[in-house]
Amino acid sequence: MNVPNQGRLDPAGRVIMVSGANRGIGAAIAARLRQDGYHLSLGARTPDDIAIAAGDDCHHQAFDALDAASPQAWGDATAAKFGRIDGLINNAGIAAAFGFEDGDEADLDRMLEVNLKAPYRLIRAALPNLKAAGSGRIVTVTSLAGMRFKRGSPGYAMSKFAAMGLSSAARAQFWDDGIRVTAVAPGPVNTDMMPQGFTAETATQPETIADIVATVIAMPNNASVASVPINAVYEPLP
Ligand SMILES: NC(=O)c1ccc[n+]([C@@H]2O[C@H](COP(=O)([O-])OP(=O)(O)OC[C@H]3O[C@@H](n4cnc5c(N)ncnc54)[C@H](OP(=O)(O)O)[C@@H]3O)[C@@H](O)[C@H]2O)c1
């Protein structure tokens, strides 16, 4: 039986933007999508730190999520270079301590800016091209902390719950444009952001998150995944 590419979309010629592509999960996603054959537009505050060389099939963009003008500039530069945008991976994020009885509200504002507003602005910036693609894809790397609160920073959880709302709203709004939107919600991952109490062995590997992202963006329009909670240790859903 001939099942072309097992029913997956063909990456050839498709252009994917990845934020925070210089390290951690974002670097793993970029490496995986490169291997799969996508054209990449990689955003980072320090593009010189991006492991994949810039070239005909890879654009580097100085992207700062704290700069409100940065998303549109990146979207414009991507469309100018490739003439299309097929996917956006909202990965860049920050975590800071902020609670009800401790913390600085400036840290909450920064988390909302980087984890919520920059992804919102990037969606807006990429939207005309994602619509034109007919099979646009948006993935936001949220967190289990955005699906239930267990421990850690309440402010971080608030920003990630908000990012889940962003993903859910975008999924509904752009479904009829062929855009499929997914929230990928890891627990602890073996990066600089790994929470205390986990090790490189007990946390999920960034390459595994990249594998999941690569899978969901390759699903056809009639097999869309809304959210992927990822447990490193057992807990009842999510
Ligand atoms: N690791 C975990 O346990 C875990 C669990 C659940 C969800 N997540 C989420 O996964 C995503 C990736 O995190 P990670 O684990 O890979 O953490 P990481 O290793 O700390 O990487 C964070 C990435 O976000 C970028 N970033 C931070 N502030 C930025 C800004 N203002 N503008 C542009 N980029 C900025 C960083 O760039 P710089 O190098 O310039 O700082 C870096 O590329 C985040 O959204 C995070 O919340 C992580």
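Please read all numbers here as calculations on a predicted model, not as lab measurements. (Residues numbered from 1 in each chain as written. Predicted model: local features only at pLDDT ≥ 70, side-chain atom pairs only at ≥ 80, totals over all residues.)

Asks: Just to check I follow, could you spell out the packing of helix α3 (residues 105–133) against helix α4 (residues 154–173) for this structure?
Replies: The description of two packed helices rests on the angle between their axes and on the distance between the axes. Relative to each other, α3 and α4 sit at 15 degrees, their axes nearing to 9 Å. Comparing their axes, α4 and α3 come out roughly parallel. As for how α3 packs across α4, the hand of that crossing is right-handed. Listed contacts from α4 to Asp-107, Leu-108, Met-111, Leu-112, Asn-115, Leu-116, Pro-119, Tyr-120 and Ile-123 of α3 are Gly-155, Tyr-156, Ser-159, Lys-160, Ala-162, Ala-163, Leu-166 and Ala-170. Residues that form the contact of α3 with α4 fall into these classes: 12 nonpolar, three polar and two charged. (Axes fitted to C-alpha atoms, helices over the stretch in contact; angles between N-to-C directions. Helix = DSSP H or I, 4+ residues; strand = E, 2+ residues; numbered from the N terminus. Parallel < 35°, antiparallel > 145°, perpendicular 65-115°, else oblique. Left-handed = near helix turned anticlockwise from the far one by under 90°. Contact = placed C-beta atoms within 7 Å. Nonpolar A, V, L, I, M, F, W, Y, C, P; charged D, E, K, R; others polar.)

Asks: Explain the nonpolar core to me, please; I cannot follow it from the model alone.
Replies: In globular proteins that are soluble, nonpolar side chains generally tend to be buried together. In this structure, Val-18, Ile-29, Ala-126 and Val-213 are the most contacted members of the largest nonpolar core, which totals 60 residues. With 10 residues, the single largest contributor to this core is α3. (Core = buried A, V, L, I, M, F, W, Y, C linked by C-beta atoms within 7 Å. Buried ≥ 20, exposed ≤ 12 C-beta atoms within 10 Å, placed from the backbone.)

Asks: Even after reading the chapter, I still don't get the site of the ligand, so can you show me in this structure?
Replies: The ligand sits among 29 residues. The nearest are Gly-20, Gly-24, Ala-65, Gly-93 and Thr-191. Tallying contributions element by element places helix α1 (residues 24–36) first for the shell around the ligand, with three residues. In the shell around the ligand, the residues fall into 16 nonpolar, nine polar and four charged. (Near = placed C-beta within 6 Å.)

Asks: Please clarify how the sheet that holds strand β2 (residues 39–44) should be interpreted in this entry.
Replies: Across a sheet, paired strands are connected by hydrogen bonds in the backbone, their directions being either parallel or antiparallel. Strand order in this open sheet of seven strands is β3-β2-β1-β4-β5-β6-β7, and the pairing throughout is parallel. In this open sheet, the two strands that pair with only one neighbour each are β3 (58–62) and β7 (227–230). Taking the axes of each pair of neighbouring strands and ignoring which way they run, one obtains an average angle of 15 degrees across the sheet. Relative to the sheet, helix α2 (residues 70–82) contacts β1 (15–19), β2 and β3, its axis offset from that of β3 by approximately 160 degrees. Helix α5 (residues 206–218) contacts β4 (87–90), β5 (137–141), β6 (180–186) and β7 of the sheet and is inclined by roughly 165 degrees relative to β6. (Pairing = 2+ DSSP bridges.)

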